[in-house]
Amino acid sequence: MPSQLEHAMETLMFTFHKYAGDKNHLSKEDLRALMDKEFPGFLENQRDPMALERILRDLEQGRDGRVTFQGFFSLLAGLTIACNDYFVLHMKQRGRK
């Protein structure tokens, strides 16, 4: 039986390919659709209207407007790290470990 982490890895892969289709990369439009659907509120809560452009520029490796699975995974890793940092800070403020 697969572990929770194995299920999480599978979900990451399936989600990427759901939006990338047969191209094996995400275009700007694919990335926007993914962010809108899978991270509702993330772009809405951004104060910077160019947030998606900045994210795309940071993730595309060949400067061709394409985000590979590696770039997608880097995005998720960065978001997860930020969420963990917030969680740790919040827990410390509440006096928990």
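Residues numbered from 1 in each chain as written. Predicted model: local features only at pLDDT ≥ 70, side-chain atom pairs only at ≥ 80, totals over all residues. Heavy atoms only, no water.

Draft legend 1. Representation of the packing of helix H2 (residues 28–38) against helix H3 (residues 51–59) in the model. Where H2 meets H3, the axes come as close as 11 Å, and the angle between the chain directions of the two elements is 120°. Between H2 and H3, the interaxial angle falls into the category oblique. Helix-helix and strand crossings are classified by hand; for H2 and H3 the assignment is right-handed. Within the contact between the two elements, H2 uses Lys 28, Leu 31, Arg 32 and Met 35 and H3 uses Leu 52, Glu 53, Ile 55 and Leu 56. (Axes fitted to C-alpha atoms, helices over the stretch in contact; angles between N-to-C directions. Helix = DSSP H or I, 4+ residues; strand = E, 2+ residues; numbered from the N terminus. Parallel < 35°, antiparallel > 145°, perpendicular 65-115°, else oblique. Left-handed = near helix turned anticlockwise from the far one by under 90°. Contact = heavy atoms within 4.5 Å.)

Draft legend 2. Region of the structure containing the nonpolar core. Of all hydrophobic cores here, the largest spans 16 residues; its most connected members are Leu 26, Leu 31, Leu 34, Met 35, Val 67, Phe 72 and Leu 75. Of all the secondary structure elements, the ones that give two or more residues to this core are helix H1 (4–20), H2, H3 and helix H4 (69–93). Those residues in contact with Leu 26 that sit more than four places away from it in its chain are Phe 16, Tyr 19, Ala 20, Leu 31, Leu 34, Gly 65, Arg 66, Val 67 and Phe 72. (Core = buried A, V, L, I, M, F, W, Y, C linked by side-chain atoms within 4.5 Å. Buried < 20%, exposed > 50% of the residue type's maximum accessible area, 1.4 Å probe, protein only.)

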